[in-house]
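# An overview of the molecular structure
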Amino acid sequence: EAPVRIDLRQRRIDAQGEARIDGGFVQTLRFKAGRAEYRHQELEGDEIGTTFENRGYDARLELLHQPLGPFEGAWGLQGTRSDFTAVGEEAFLPASVTNDRALFVFEEAKQGALTWQAGARYEDQEIELKDGSARRRDRSISASAGLVWAWAEPYTLALSVTRTERAPNAQELFADGPHIGTGAFEIGDATLGTETSTGVELGVRRRSGGVTGSASVYVNSFSGYIFERPSGEEEDGLPVYRYGQSDADFWGAELEAIVHLHEGSQHRLDLRVAGDFTRAEESS
């Protein structure tokens, strides 16, 4: 077949603002809102094979409150909407609308050289196919706790523990067809459950001086990790991949170093070096 090209267009409008309030419980209100239009056409020679369109909306409101005893933090809510349509011979995804609503909170308390942190997020996701053939609603809760120790200036040691839940998206649930972008015939699974992860991360940071940066190690244990598995089959000349779930363990390390070569009143020159390493395997 003729080589596949993509004609892509994206337009986005964003707005954000902040209101500071004197007195009372609320200290600051912040908001962000955006609207995005995305379209790409897959061209086979001069012919349009498939057209993908997505209209998205997102909004976020944060409330920063006055100190509650030793605690300072923010509460908020967030909402997104995605209106997706694919038309053509290789429309591997059905038209769908995804609505996502979330409530979140983050608090921290300082006690000498220690800073205690905690956060939580509740999410409600709803996916509906436009032809009315399927509708799915998932609710998930994620939480985290952390401790930062300023053990020797300018170094800090940070430990965090997280438990996150993620609901499957429309592609993982309802894909069924050739996906030219990945060179695979993808098949979703409408019975997928929520993906759950428990993670621990330990890191050291240097925040000031001629060289700053951080180094960390982490471990994540997944229950019901969602991924594409090769089936060994072939469809339309493409290998078939099916979405499925399995328990899995991830571990790795991250390193970042920034050398501050020059900093003046109007100019700054830094050298940044970063790297990361990840290993993963299915667990029995």
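Residues numbered from 1 in each chain as written. Predicted model: local features only at pLDDT ≥ 70, side-chain atom pairs only at ≥ 80, totals over all residues. Heavy atoms only, no water.

For the rest of this paragraph, the subject is the overall build of the protein. Across its full length, the protein carries one helix and 14 strands. Overall size of the protein, expressed as C-alpha extent along the three principal axes, is 65 × 50 × 45 Å. Taking all 284 residues of the protein together, the buried fraction comes to 31%. Taking contacts inside the protein between residues at least 6 apart in sequence as the whole, the part at least 24 apart equals 56%. For the protein, the exposed area adds up to about 17400 Å²; of that, 53% sits on carbon and sulfur atoms. (Helix = DSSP H or I, 4+ residues; strand = E, 2+ residues; numbered from the N terminus. Buried < 20%, exposed > 50% of the residue type's maximum accessible area, 1.4 Å probe, protein only. Contact = heavy atoms within 4.5 Å. Areas by Shrake-Rupley, 256 points an atom, 1.4 Å probe, with all protein chains shown as cover.)

Judged by side-chain polarity, Trp-149, Trp-151, Tyr-155, Leu-157, Leu-159, Val-161, Val-200, Leu-202, Val-204 and Val-217 come together as a nonpolar surface patch covering roughly 830 Å² of accessible area. Elements supplying a minimum of two residues to the nonpolar patch: strand S7 (135-152), strand S8 (155-166) and strand S11 (195-206). With respect to the helices and strands, the residue Val-200 is situated in strand S11. In this structure Val-200 comes out as partly exposed when scored by relative accessible area, which is 42%. (Patch = residues over 30% accessible without salt bridge, like charges linked within 9 Å, V, L, I, M, F, W, Y side chains within 5 Å. Salt bridge = Lys/Arg side-chain N within 4 Å of Asp/Glu carboxyl O.)

On to the packing of aromatic side chains, then. Overall, the coordinates contain eight aromatic pairs when judged by the stated rule. Arranged with centres 6.1 Å apart and planes meeting at 55°, the rings of Phe-52 and Phe-92 form a pair that is tilted. Placement of the pair is Phe-52 in strand S3 (residues 47-65) and Phe-92 in the loop between strand S4 (71-88) and strand S5 (96-111), with a sequence separation of 40 residues. The class of Phe-52 is buried, set by a relative accessible area of 6%. With centroids separated by 6.1 Å and ring planes inclined at 20°, the aromatic side chains of Tyr-225 and Phe-227 adopt a geometry described as stacked. Each residue in the set Phe-222, Tyr-225, Phe-227 and Phe-250 is aromatic and connected to the rest through ring pairs, giving one cluster. (Phe/Tyr/Trp six-rings, centres within 6.5 Å; stacked < 30°, edge-to-face > 60°.)

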